[in-house]
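Here are the chains, one letter per residue:
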Amino acid sequence: MTPQTIGKVIPHLRTVFISNNNLVEIPPRAFASLPDLFYLDLSFNSIRHIDSEAFSGLELLEYILLQFNNLIDAFNVNVFHNLPALTVLDVSDSNINGLDPLRSFSGLSNLEELFLARNQLHPSDLWDTKKNVSVFRDMRSLQTLDLTGTNLKDEIPSWGFDGLSQLRRLYLQDVGLVTLPTELFRSLRYLDTLSLDDNYFEELPNLIFENTPRLGSLYLGRNQLSRLPPMLFKNTTNLYKLDLTRTRIGIIPEQVISPIRESITSLDLSHNSLSCYCQNEWLRIWVHENYDKVFLSDTNCSDNSPAELVGHSFLDFQPILVCRPRVLLYACIAISGVAIVFTGIIIYYNRWWIKYKLFLLKLCIIGYREIIDDDEYHYDINIVFHDDDEEWVIDRMVPVVRENYPEAVLCVGDDDLRAGLLRLDAVADVIENSYKSVFVISYAAIDSPWYVTKLRLALQHMNHSQRDAILLVFLENIADDRLPYIIRLLLGVNRPFLRWSSDIQQEECFWDHFMKCVKKQSF
């Protein structure tokens, strides 16, 4: 009985099974008399040829099963172009040895499941390099794609699955893959199940699953994987099943599994040789805490393990015995840290004394160059003070200098600055043209920015001229922490200074030292 005869007898027939027969071809309009046909099973025949109009008239057909036939060259044309409602197409195990990316599956926009397992396909069957066209380009509704055992043997193009935006399940086990492009799954945002079992790749790109946030089941068993890149599961936080059986992985870093520790319900590490050493300490502890989630059938300690554990079950690995806390190391680190902090504090509080000693050491090693000062100066003494100290300078210091050093040319305060210059330039001019600049220091002086600026100019001139041109006179006993940094720096290199005292005996000693420091003859 032919399909046409069946159609006359049962005109509204929806399901037809013609499997396990000896059909060798499907002629044009073979099922035209069955317009209501919904399910067609043609599996386990010897079909070699299908006419391009074989399925004409079947606008309601959703399922076609053609597995286990001999469709060697049946897909050089599009035999499914008249099936707008086709949802499931199974052509597994049918000896297909080539597809035409331009024609084989064009127009199947409603197809949800495509099974091509165990056919002899090549990367060129998935992508036309001349036209830049994918064989899956029209399958916008595809959710399941099975390419198991298709023996691709080569790297799938990075854009091989572009357009499959609704794909949920992808089976690529035993297809002969050696490498995987980083962007191979870039458009598969809804991918839930991915099988890569039984291939030959030794490593995975670090970001290959960056665009598959919904990935739930991943099968990587029976590959040559020796390591997992640290960021592999960064964006797959919904992964609940991971199969790593029969790989070459010895160490699983905690960083790799951290993103999926909360979601994983099944981690299969069976038939592996794992390192029973401290790198896997976290894994052994995690296995103990999640024994119902991890499968370790015939999983042993690798050669990279303590000698007494090599060949034993991974469950025999007891980190507390192998990875004892390094108390001595940690104690030394702690003591060293405390010692460094303590030494830093001591150095900070004695920094001026240390600078002075280093200065003396430098003199001992390098020596010093004697500077002979035979220059002529406009001023012998330049007296710098704050307005609050003017009375002391005029009443005490200037008279003593006039009495003991009558030939000295003095510049007293800002009133004696050269006219016609900017104030800052005038101060610099006086400092550069004075044999000695005497700075009278008090609390009022160190709190004055203008006073500190003048002291800074004097220090710059001293460094430039390489001569001892500054004398510090303290009117008040000022604590070190109140002194400006520039004054502490001067004192720290053993700079001469005088401290005023109102005691009569000490005052005489003070003026004696003062005159020795400011007279040219004493240089």
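All values derive from a computational prediction rather than experimental measurement.

(A) Just the overall build of the protein, in detail. Regarding its fold elements, the protein presents 13 helices and 23 strands. For the protein, whose C-alpha radius of gyration is 46 Å, the value lies well above the compact-globule estimate of 24 Å for 523 residues. Per-residue burial for the protein yields a buried fraction of 46% across its 523 residues. Carbon and sulfur atoms form 52% of the exposed surface of the protein, whose accessible area is close to 27,000 Å².

(B) Region of interest: unusual backbone geometry. A positive phi is found at Asn95, a non-glycine position, where the angle reads about 60 degrees. Look at Arg222: it is not a glycine, yet its phi comes out positive at around 55 degrees. Classification of Arg222 by relative accessible area gives partly exposed; the value is 33%.

(C) Quick peek at the side chain of Asn199. Tracing the backbone through its elements, the reader meets Asn199 in the loop between β12 (193–195) and β13 (217–219). The class for Asn199 is buried, based on a relative accessible area of 2%. Among the polar contacts made by the side chain of Asn199, one reaches the main-chain amide nitrogen of Val175 at a distance of 3.1 Å. One polar contact links the side chain of Asn199 to the main-chain amide nitrogen of Leu177, over a distance of 3.0 Å. If near-sequence neighbours (up to four positions away) are discounted, Asn199 is found in contact with Leu172, Gln173, Asp174, Val175, Gly176, Leu177, Arg222 and Asn223.

(D) A look at the side chain of Asp93. Examined against the element boundaries, Asp93 turns out to sit in the loop between β6 (88–90) and β7 (113–115). Look past the residues within four positions of Asp93 in its chain and what remains in contact with it is Phe68, Asn69, Ala117, Arg118 and Asn119.

(E) Focus on the pairing of strand β19 (residues 379–384). Within β19, six of the six residues are buried, leaving the element largely enclosed by the surrounding structure. Pairing geometry for β19 and strand β21 (residues 434–441), over five bridges, is parallel. Opposite Ile381, over in β21, you have Lys436 as the bridge partner. Note: β19 against strand β20 (residues 410–412), three bridges, orientation parallel.

(F) Seen up close, the state of the cysteines. Counted by the stated rule, this structure contains two disulfides. Cys276 shares a disulfide with Cys301; S-S distance 1.9 Å. Here the disulfide of Cys276 and Cys301 is left-handed, its torsion about the S-S bond being about -85 degrees. Here Cys301 lies in strand β18 (residues 300–301) and Cys276 lies in the loop between β16 (273–274) and α4 (281–289), a separation of 25 residues in the sequence. This pair shows no difference in class: Cys276 is buried, exactly as Cys301 is. With its sulfur 2.2 Å from that of its partner, Cys278 forms a disulfide with Cys323.

(G) Highlighting the packing of aromatic side chains. Applying the stated criterion across every chain, the model contains 18 aromatic pairs. Counting every residue linked through ring pairs, the aromatic cluster contains Phe17, Phe38, Tyr39 and Tyr63.

(H) Looking closely at the pattern of salt bridges. Counted according to the given criterion, the structure contains 12 salt bridges. With a closest N to O distance of 3.3 Å, Lys454 and Asp414 form a salt bridge. Highlighted residues: Lys454 in helix α11 (residues 449–465) and Asp414 in the loop between β20 and α9 (423–432), separated in sequence by 40 residues. Overall, the relative accessible area of 27% leaves Asp414 in the partly exposed class. Connected through shared salt-bridge partners, Asp162, Glu183 and Arg186 make up one network.

Cut-off values and rules
- Residues numbered from 1 in each chain as written.
- Predicted model: local features only at pLDDT ≥ 70, side-chain atom pairs only at ≥ 80, totals over all residues.
- Heavy atoms only, no water.
- Helix = DSSP H or I, 4+ residues; strand = E, 2+ residues; numbered from the N terminus.
- Rg over C-alpha atoms; globule rule 2.2 N^0.38 Å.
- Buried < 20%, exposed > 50% of the residue type's maximum accessible area, 1.4 Å probe, protein only.
- Areas by Shrake-Rupley, 256 points an atom, 1.4 Å probe, with all protein chains shown as cover.
- Polar contact = N/O pair within 3.5 Å; in protein donor to acceptor, adjacent residues only side chain to side chain.
- Contact = heavy atoms within 4.5 Å.
- Pairing = 2+ DSSP bridges.
- Disulfide = S-S within 2.5 Å.
- Phe/Tyr/Trp six-rings, centres within 6.5 Å; stacked < 30°, edge-to-face > 60°.
- Salt bridge = Lys/Arg side-chain N within 4 Å of Asp/Glu carboxyl O.

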